[in-house]
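# Structural overview for review
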Amino acid sequence: MKTLALRCSALVLALAAVGVAHAGKDDMDIARLNSSLDQLASDPALGSYAQAEQARARDAINQLAQARSRDRAHALYLAERRVDLARATAQLQDAQLKINQLDREHDQILLDGSRREADQARRELDRQRSQYQMAQEEAARQQAEGAEATAQAQAEAVQAKKLAAAQAKVANAAKKQADLAAQAARAMRSQMQGDSSSSDDSSAKKDQGK
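All values reported here derive from a predicted model rather than from experimental measurement. In every chain, residue numbers begin from 1 and rise along the written sequence. With the structure being a predicted model, the display of local features is reserved for residues of pLDDT at least 70 and the display and counting of side-chain atom pairs for 80 or more, all residues being used for whole-chain, interface and lining totals. In computing side-chain values, all of the structure's heavy atoms are included and hydrogens and water are not.

## A closer look at the nonpolar core
Put simply, a nonpolar core is a bunch of buried Ala, Val, Leu, Ile, Met, Phe, Trp, Tyr and Cys residues held in one set by side-chain atoms that sit within 4.5 Å of each other. Think of it in three bands: residues with accessible area under 20% of the maximum for their type are buried, residues over 50% are exposed, and the middle band is partly exposed, with areas taken using a 1.4 Å probe on protein chains only. Counting residues in each nonpolar core, the largest one holds 17 residues, and the members touching the most others are Leu-33, Leu-37, Leu-40, Ile-61, Leu-64, Ala-79 and Ala-90. Every helix listed is a DSSP run of H or I at least four residues long, and every strand listed is a run of E at least two residues long, numbered separately from the N terminus. At the level of secondary structure, the elements contributing two or more residues to this core comprise helix H1 (2-42), helix H2 (51-66) and helix H3 (72-112). Contact criterion: two residues are considered in contact whenever any of their non-hydrogen atoms come within 4.5 Å of each other. Apart from the residues within four sequence positions on either side, Ile-61 is in contact with Ile-30, Leu-33, Asn-34, Leu-37, Ala-79 and Val-83.

## Some thoughts on H3
By this rule the span expected of a helix is its residue count minus one, scaled by 1.5 Å. Look at H3: 60 Å from first C-alpha to last across 41 residues, which is about the 60 Å you get at 1.5 Å a residue. Phi turns positive, to about 75°, at Gly-113, one or two residues after H3.

## Concerning unusual backbone geometry
Positive phi values are uncommon outside glycine, yet Ala-50 reaches one of about 50°. Mapped onto the fold, Ala-50 is located in the loop between H1 and H2.

## Some details on the packing of H2 against H3
Here H2 crosses H3 at 160°, and the two axes come no closer than 8 Å. By the criterion of interaxial angle, the relationship of H2 to H3 is roughly antiparallel. Regarding H2 and H3, the two cross each other, and that crossing is left-handed. Between H2 and H3, the residues in contact are Glu-53, Gln-54, Arg-56, Ala-57, Ala-60, Ile-61 and Leu-64 and Arg-72, Ala-75, Leu-76, Leu-78, Ala-79, Arg-82, Val-83, Ala-86 and Thr-89, respectively. Among the residues forming the contact of H2 with H3, the class breakdown is ten nonpolar, two polar and four charged. Axis definition: a line fitted to C-alpha atoms, limited for helices to the stretch in contact. Angles are taken between N-to-C directions and run from 0 to 180 degrees. Working definition: roughly parallel below 35 degrees, roughly antiparallel above 145 degrees, roughly perpendicular at 65 to 115 degrees, and oblique for all remaining angles. The crossing is said to be left-handed when, going from far helix to near helix, the turn is anticlockwise and less than a right angle, and right-handed when the turn is clockwise. Residues are grouped as follows: Ala, Val, Leu, Ile, Met, Phe, Trp, Tyr, Cys and Pro are nonpolar; Asp, Glu, Lys and Arg are charged; all remaining types, including Gly, are polar.

## Brief notes about H2
Across its 16 residues, H2 extends 23 Å between first and last C-alpha, which sits within 8% of the 22 Å expected from 1.5 Å per residue. Looking at H2, one finds that the buried residues are Glu-53, Gln-54, Ala-57, Ala-60, Ile-61 and Leu-64. The buried residues of H2 occupy one face: seen down the axis, they fall within an arc of 115°. Counted as exposed and oriented over 90 degrees from the buried face of H2: Gln-63 and Gln-66. Note that the arc is computed from the directions linking the helix axis to the C-beta atoms.

Shown next, in the form of structure tokens:
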């Protein structure tokens, strides 16, 4: 009895340790995403950009913190994509501002008549435009991934609902078959008992006749 109690205690402690470890991992993911978002918000160059995307990322992290265990993987994926999208959008807006500044500088250089400086500014402008295009493509890709993940989760939920309905139909059919089998067995048992009683009556009459 004492050994059983010790084993039960050990099992309870092990389960508690697993729960603590899982909760600890959840806390680490949330802390990591909050830290990344806080770094973006406090960045002197990028923090003032992509305010809407930063707010959505913060909401996604809050939803992750409240997500049930079965929904956590999807919530974590969406939160990570939201944080990445907020940073990419901030970089995109910053690049656009620099391009505008370079455009103005380029115009001024042309007015000053400095061909060499104008060529250098054009090269820098091309580089910044290339960075802007890359940032724009990355933001679009991350938005598409987020939409695809949402659609996939919805499709999986519909499939699970259909599977549950099919399983319920199978269970009902099995129950009906079991009921019919039980009724048939009872009817057969009653018939056999009736035949046995008739046979006993006939034997008794024969004995009386003798």
